[in-house]
Amino acid sequence: IASKIMSIKPNWFPICFLIIIRNCYSMQIHLKRQMHALIFIISIPLIEIYLMIKVGGMIGAFNTIFLILFTAVTGVYFAKLAGLNAIRSGFNQLMKNEMPVYEIISGAALAFAALLLIIPGFLTDLFGFLLIIPITRKFFIKSISFNFYKKKSNEDIIEGIIDENKQDDNKKNN
């Protein structure tokens, strides 16, 4: 039995070694992505605190707090209006028997904009207000989803199956 085990090990060693190297490489890529996400998550509050301190130094602490609350309330209000317009547009698409894909994505972007506006800070409010505006929202959606769209080369081609009925052909010929 020991000789059989010894004869199998050398054959499997290169394959196992390659699998381990591949897994380590994919883990490195995964760790890099996690590190970028961690840096992003940490840097956003730091930038927000820095901006609040700068704006608070210019206009005062109470005015800064009022401005943050005002942008949150008005932003959520405008997000609600834009969301209702997206729902209305989606129902219009459904009435036309069309799939409301853009309206669904736009509604998700508006929900994200409302979340950004509720979070206290000036940078998140800026991105939230940019997502509420339809032109910039369309730009963001196109730039983010550019990789997910597949280009259709021949849109005029309709695929189908032709069923021939030989009895009908015989009647037409007679």
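Residues numbered from 1 in each chain as written. Predicted model: local features only at pLDDT ≥ 70, side-chain atom pairs only at ≥ 80, totals over all residues. Heavy atoms only, no water.

1. Digging into the overall build of the protein
Helices and strands together make up the secondary structure of the protein, namely 6 helices and 0 strands. Listed by position from the N terminus, the elements making up the protein come as α-α-α-α-α-α. Evaluated residue by residue, the protein yields a buried proportion of 20% over its 174 residues. For the protein, restricting intrachain contacts to residue pairs at least 6 apart in sequence, the fraction spanning at least 24 positions comes to 58%. Surface summary for the protein: the accessible area is close to 15000 Å², and the carbon and sulfur share equals 71%. (Helix = DSSP H or I, 4+ residues; strand = E, 2+ residues; numbered from the N terminus. Buried < 20%, exposed > 50% of the residue type's maximum accessible area, 1.4 Å probe, protein only. Contact = heavy atoms within 4.5 Å. Areas by Shrake-Rupley, 256 points an atom, 1.4 Å probe, with all protein chains shown as cover.)

2. Quick word on helix H2 (residues 61-95)
Relative to the 51 Å expected for 35 residues at 1.5 Å per residue, H2 spans 51 Å between its end C-alpha atoms, a close match to the ideal helical length. Listed as buried for H2 are Thr64, Ile68, Thr71, Ala72, Thr74, Gly75, Ala79, Ala82, Gly83, Ala86, Gly90 and Gln93. In the segment just after H2, Asn97 is the residue with positive phi, at about 60°. (Expected span 1.5 Å × (residues − 1).)

3. Comments concerning helix H5 (residues 134-145)
Helix length check: H5 (12 residues) gives 16 Å between terminal C-alpha atoms against 16 Å at 1.5 Å per residue, within 8%. Buried residues of H5: Arg137, Ile141 and Ser145, and no others. Projected onto a plane normal to the axis of H5, the buried residues spread over an arc of 45° and lie on a single side. Turned more than 90 degrees away from the buried face of H5, the exposed residues are Ile135, Phe139 and Lys142. Residues of H5 that are buried make contact with H2, helix H3 (101-118) and helix H4 (122-132). (Arc of directions from axis to C-beta.)

4. Details of the packing of aromatic side chains
By the definition in use, this model includes 3 aromatic pairs. On the numbers, 6.1 Å between centres and 50° between planes, the contact of Phe139 with Phe140 is tilted. Judged by relative accessible area, Phe140 falls into the partly exposed class, the value being 25%. Seen from the ring of Tyr102, Lys138 lies directly overhead, with NZ or CZ sitting 5.7 Å from the centre. (Phe/Tyr/Trp six-rings, centres within 6.5 Å; stacked < 30°, edge-to-face > 60°. Lys NZ or Arg CZ within 6 Å of the ring centre and 35° of its normal.)

5. Structural notes on the packing of H2 against H3
Look at H2 against H3: their axes get within 9 Å of each other, and the N-to-C directions meet at 170°. With respect to each other, H2 and H3 are oriented roughly antiparallel. Contact residues: H2 offers Thr71, Ala72, Gly75, Val76, Ala79, Ala82, Gly83, Ala86, Ser89, Gly90 and Gln93, while H3 offers Glu103, Ser106, Leu110, Ala114, Leu117 and Ile118. A breakdown of the residues in the contact of H2 with H3 according to their chemical character gives 9 nonpolar, 7 polar and 1 charged. (Axes fitted to C-alpha atoms, helices over the stretch in contact; angles between N-to-C directions. Parallel < 35°, antiparallel > 145°, perpendicular 65-115°, else oblique. Nonpolar A, V, L, I, M, F, W, Y, C, P; charged D, E, K, R; others polar.)

6. Considering the side chain of Thr64
You can see Thr64 is positioned in helix H2. In this structure the side chain of Thr64 is engaged in a polar contact, spanning 3.4 Å, whose partner is the backbone nitrogen of Gly56. A polar contact is formed between the side chain of Thr64 and the backbone oxygen of Gly60, at a distance of 2.6 Å. Ignoring any residue separated from it by four or fewer positions in sequence, one finds Thr64 in contact with Met52, Val55, Gly56, Ile59 and Phe122. (Polar contact = N/O pair within 3.5 Å; in protein donor to acceptor, adjacent residues only side chain to side chain.)

7. What about unusual backbone geometry?
At Asn97, a residue that is not glycine, the phi angle is positive and equals roughly 60°. With respect to the helices and strands, the residue Asn97 is situated in the loop between H2 and H3.

8. Digging into the nonpolar core
In terms of nonpolar packing, the biggest core is built from 12 residues, these being Ala79, Ala82, Ala86, Ala109, Leu110, Ala113, Ala114, Leu116, Leu117, Leu131, Ile132 and Ile141. Among the secondary structure elements, those contributing two or more residues to this core are H2, H3 and H4. Discounting residues that sit within four places of it in the chain, Leu116 has contacts with Thr124, Asp125, Phe127, Gly128 and Leu131. (Core = buried A, V, L, I, M, F, W, Y, C linked by side-chain atoms within 4.5 Å.)

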